[in-house]
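Fold and geometry: a report
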Amino acid sequence: MGPGALTELRRIAGLAGLACLPVLVWLSWIPKDWELRTGAAGQLEHLVAYAGTAGLLGLGFPRGPAWRLALALVLLAGILEIGQIWVPGRTAQVIDFAASAGGALLGLAAARTLAGRRIAAGQDPMRQDPLQKVS
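An account of the accompanying structure is given in this report. Given the structure is predicted, the values throughout are model-derived calculations rather than measurements. (Residues numbered from 1 in each chain as written. Predicted model: local features only at pLDDT ≥ 70, side-chain atom pairs only at ≥ 80, totals over all residues. Heavy atoms only, no water.)

1. Things to note about the overall build of the protein
Assigned secondary structure in the protein consists of 4 helices and 0 strands. Each helix (α) and strand (β) of the protein, taken in turn from the N terminus, gives the series α-α-α-α. Burial status across the protein gives 31% buried among its 135 residues. The long-range fraction of contacts in the protein, counting pairs at least 24 apart against all pairs at least 6 apart in sequence, stands at 78%. When the accessible surface of the protein is split by element, carbon and sulfur atoms take 70% of a total near 8,300 Å². (Helix = DSSP H or I, 4+ residues; strand = E, 2+ residues; numbered from the N terminus. Buried < 20%, exposed > 50% of the residue type's maximum accessible area, 1.4 Å probe, protein only. Contact = heavy atoms within 4.5 Å. Areas by Shrake-Rupley, 256 points an atom, 1.4 Å probe, with all protein chains shown as cover.)

2. What about the nonpolar core?
In terms of nonpolar packing, the biggest core is built from 11 residues, these being Leu-24, Tyr-50, Ala-54, Leu-57, Leu-69, Ala-70, Leu-73, Ala-77, Leu-80, Ala-104 and Leu-108. For this core, the elements supplying multiple residues, two or more each, are helix 2 (42–60), helix 3 (66–83) and helix 4 (94–120). Top contributing element to this core by residue count: helix 3, with 5 residues. When residues no more than four places from it in sequence are discounted, the contact partners of Ala-70 are Leu-105 and Leu-108. (Core = buried A, V, L, I, M, F, W, Y, C linked by side-chain atoms within 4.5 Å.)

3. Concerning the packing of aromatic side chains
All told, the structure shown has 1 aromatic pair when counted by the stated rule. The interplanar angle of 40° and the centroid separation of 5.8 Å between the aromatic rings of Trp-26 and Trp-34 together place this pair among those described as tilted. (Phe/Tyr/Trp six-rings, centres within 6.5 Å; stacked < 30°, edge-to-face > 60°.)

4. Here's the deal with a nonpolar patch on the surface
On the surface, a nonpolar cluster with roughly 550 Å² of combined accessible area is contributed by Trp-29, Trp-67, Leu-71, Leu-75 and Ile-79. For the nonpolar patch, the element with the most residues is helix 3, which contributes 4 residues. Turning to its location among the elements, Trp-29 is positioned in helix 1 (residues 3–29). (Patch = residues over 30% accessible without salt bridge, like charges linked within 9 Å, V, L, I, M, F, W, Y side chains within 5 Å. Salt bridge = Lys/Arg side-chain N within 4 Å of Asp/Glu carboxyl O.)

5. Quick notes on the side chain of Arg-90
Locating Arg-90 in the fold gives a position in the loop between helix 3 and helix 4. Overall, the relative accessible area of 13% leaves Arg-90 in the buried class. Beyond its immediate sequence surroundings of up to four residues, Arg-90 is in contact with Leu-27, Ser-28, Trp-29, Ile-30, Pro-31, Lys-32, Glu-35 and Gln-84.

6. Some details on the side chain of Thr-53
As for its position among the elements, Thr-53 is in helix 2. If sequence neighbours within four positions are ignored, Thr-53 has contacts with Gly-17, Cys-20, Leu-21, Leu-24 and Leu-73.

7. A few points about the pattern of salt bridges
Summed over the entire model, instances satisfying the criterion amount to 5 salt bridges. For Glu-35, the salt bridge identified is with Arg-37, shortest N-O distance 3.2 Å. For Arg-37, a relative accessible area of 46% gives the class partly exposed. In this structure, Arg-90 engages Glu-35 in a salt bridge whose closest nitrogen and oxygen atoms are separated by 3.1 Å. Separated by 55 residues along the polypeptide, Arg-90 in the loop between helix 3 and helix 4 and Glu-35 in the loop between helix 1 and helix 2 bring together distant segments of the chain. Both residues of the pair, Arg-90 and Glu-35, count as buried. Connected through salt bridges with shared partners, the residues Lys-32, Glu-35, Arg-37, Glu-45 and Arg-90 form a single ionic network.

Nothing here speaks to function; it is all geometry.
As structure tokens, this is what we get:
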């Protein structure tokens, strides 16, 4: 895969990750009677939603410090969970927050591991050695 294609994939992943953020807000703060569930445990839904979002953001924005993205997503999970106190039919639960935060950390770790392997293999033009000549 050439540098142009990798840059385009990274841009798409970043945009998709950003698009997931308002979806997380919407799904967290809609009334209970509006919900459509997958049938999986609620905590698994939280974990997958946040892992996917974090993974896309981690791949799309690899230059930023991972701890900042992790902190932002964990804070978002907390704010959204607390906000459910005021949503009809919804409740705030520590276990749901833990699943969301854990998913964010897992997704980000997976994205950074994948990006790290590409860098180690010399396949990431954004992370090349600045002293190396680019031909």
